[in-house]
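Fold and geometry: a report
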Amino acid sequence: QVQLVESGGGLVQTGGSLRLSCAASGNIFSFNAMGWFRQAPGKQRELVATFTTGDVTVYEDSVKGRFTISRDSAKNTVYLQMNNLKPEDTAVYYCRLYDRATYYWGQGTQVTVSS
């Protein structure tokens, strides 16, 4: 019943910006530990940015200074503002929630950055 729905992906040129959204719904105890992962073709899924249960933000090194994770608690939604996009950012971006010892994943949204 838990559902995470991502939106905001698309095709942009190098240096462009996108804002991803992830809305969570269903039988969820806590929305605190939500974040973003990405998976490029033929590569393992990797952390991009996340809120921890301690309300600390964690970023992958290559996106620091370019990406910003934020949330709207009233809407149970997390965002990923992506600026100065690079071709190496091309991937499927997934929203993740950790709640009551269970990981929940969204369906993913494609981000493609062309040179």
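How each quantity is defined
- Residues numbered from 1 in each chain as written.
- Predicted model: local features only at pLDDT ≥ 70, side-chain atom pairs only at ≥ 80, totals over all residues.
- Heavy atoms only, no water.
- Helix = DSSP H or I, 4+ residues; strand = E, 2+ residues; numbered from the N terminus.
- Contact = heavy atoms within 4.5 Å.
- Pairing = 2+ DSSP bridges.

Examined against the element boundaries, Leu85 turns out to sit in the loop between β8 (77-82) and β9 (91-99). A sequence separation of 16 residues divides Leu85 from Ala101, and the C-alpha atoms of the two residues are 34 Å apart. Ignoring sequence-local partners within four residues, the contact set of Leu85 consists of Val12, Gln13, Thr14, Gly15, Gly16, Ser17, Leu18, Arg66, Phe67 and Val113.

Looking at where Ala33 falls in the secondary structure, it is placed in the loop between β3 (18-25) and β4 (34-39). Put simply, Ala33 and Val58 are 25 residues apart on the chain and 11 Å apart in space, counted from C-alpha to C-alpha. Dropping the residues within four chain positions of it, Ala33 is found in contact with Phe51, Thr53, Arg96, Leu97 and Tyr98.

Our focus in this paragraph is the pairing of strand β5 (residues 46-51). Sheet analysis places β4 next to β5, joined by 4 bridges and oriented antiparallel. Across the sheet, residue Arg38 finds its bridge partner in β5, namely Glu46. In this sheet, strand β6 (residues 57-59) lies alongside β5 in antiparallel orientation, the contact comprising 3 bridges. Bridging from a neighbouring strand, Ala49 pairs with Tyr59 of β6.

Geometry only, nothing functional implied.
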